[in-house]
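Chain by chain, the residues run as shown.
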Amino acid sequence: MPVRLIADSGATKCEWCVLENGKKKKTIYTQGISPYFLSGPQIVALLEKELLPKLKKITVQEIYFYGTGLGNPNNIKIVKSVFKKLFPKAKTEVQNDLLAAARALCGKTKGIACILGTGANSCFYNGRKMVKNSPGLGYILGDEGSGAYLGKKVVQYYLYNTYDEELKARFEKRFMVTPMEILENVYKKPLANRYLASFAIFLAENRGHYMIENIIEDGLNDFFFTHLYKYRESWTHPIHFVGSIAFGFKDVLKDLCNTYELELGRVLKAPMQGLIEYHR
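Parameters at a glance
- Residues numbered from 1 in each chain as written.
- Predicted model: local features only at pLDDT ≥ 70, side-chain atom pairs only at ≥ 80, totals over all residues.
- Heavy atoms only, no water.
- Helix = DSSP H or I, 4+ residues; strand = E, 2+ residues; numbered from the N terminus.
- Buried < 20%, exposed > 50% of the residue type's maximum accessible area, 1.4 Å probe, protein only.
- Lys, Arg positive; Asp, Glu negative; His and termini not counted.
- Salt bridge = Lys/Arg side-chain N within 4 Å of Asp/Glu carboxyl O.
- Polar contact = N/O pair within 3.5 Å; in protein donor to acceptor, adjacent residues only side chain to side chain.
- Contact = heavy atoms within 4.5 Å.
- Axes fitted to C-alpha atoms, helices over the stretch in contact; angles between N-to-C directions.
- Parallel < 35°, antiparallel > 145°, perpendicular 65-115°, else oblique.
- Left-handed = near helix turned anticlockwise from the far one by under 90°.

**Q** Any chance you could break down the side chain of D143 for me, citing the residues and the numbers?
**A** Position of D143 relative to the elements: it lies in the loop between α4 (138-141) and α5 (147-159). Here D143 sits buried without a salt bridge, and the closest side chain of opposite charge, K152, lies 8.7 Å off (N-O distance). A distance of 3.3 Å separates the side chain of D143 from the backbone nitrogen of A120, its partner in a polar contact. With sequence-adjacent residues up to four places away left out, D143 is seen in contact with G119, A120, G136, L137, G138 and Y149.

**Q** Which residues make up the packing of helix α10 (residues 210-226) against helix α12 (residues 250-260), and what are the values?
**A** Running from amino to carboxyl end, α10 crosses α12 at an angle of 50°, the nearest separation of the two axes being 10 Å. Between α10 and α12, the interaxial angle falls into the category oblique. Crossing of α10 over α12 shows right-handed handedness. Mapping the contact onto sequence places I216, E217, L220, N221 and F224 in α10 and V252, L253, L256, C257 and Y260 in α12.

**Q** Hey, could you go over the pattern of salt bridges for me, with residue numbers and the actual values?
**A** Inspection of the entire model under this criterion finds nine salt bridges. For D251, the salt bridge goes to R207, with nearest N and O atoms at 2.8 Å. In this pair, D251 is assigned in helix α12 and R207 in the loop between α9 (201-205) and α10, connecting sequence segments 44 residues apart. In this structure D251 comes out as partly exposed when scored by relative accessible area, which is 37%. Here R207 falls in the partly exposed class, since its relative accessible area comes to 32%. Among the ionic contacts, a cluster of salt bridges with common partners joins R207, E213 and D251.

This is the structure:
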């Protein structure tokens, strides 16, 4: 059985798993690899520094790389050229993170695969490939149910003075940020989506308060109504979720599935374990 290297990469962090004889031999973490932010030579330099030294005496024969920004064919070419240079004899497959979610969640069976992390996305997967997709559109136009979407609500409630005195005090103690600083980070600094998503932790830390529960339920319900309702297959196949938001609020996902009479499938924090199962 060939030695396989599986990678799940965001823009910040990349997790690599070495499979030998179908068993996990090693896990490696490097900086994230996004061809939107890094050129081919920069990715090569990064991997030569952070990945290759940890693969000594390991001959990789197959590489399965799943990452952000790979809906663009030109970006796929960039990443493939990197692996061709570093692993010239290895068979390489480069795919986007939504297919990673589908394979991790559904395996080789049909189902709806959803990502609810910093951003949001979903697809209907037929057991081999994605055949329908309701895009997330990014944090400005969409990403309903995502960390950025929920975090934006957390910030709005604070800036609009909607919280009661108790929650307002908790917010100010937790984040120690002024309204001016929030607006500066959202409108003038890069990676506003990650900045907004960082406020979603406030929801997890204050479960039970009716305002918090309303933000969570309304935000996730927006994902159901805007995206899952668009798939006829939602009522005939299980709906699976992966991502920090999905995993952290899986009780709310379960309640919403019961409300809409949908079948809830797997809920994973990250796709790697499911990808290992798929590629064994």
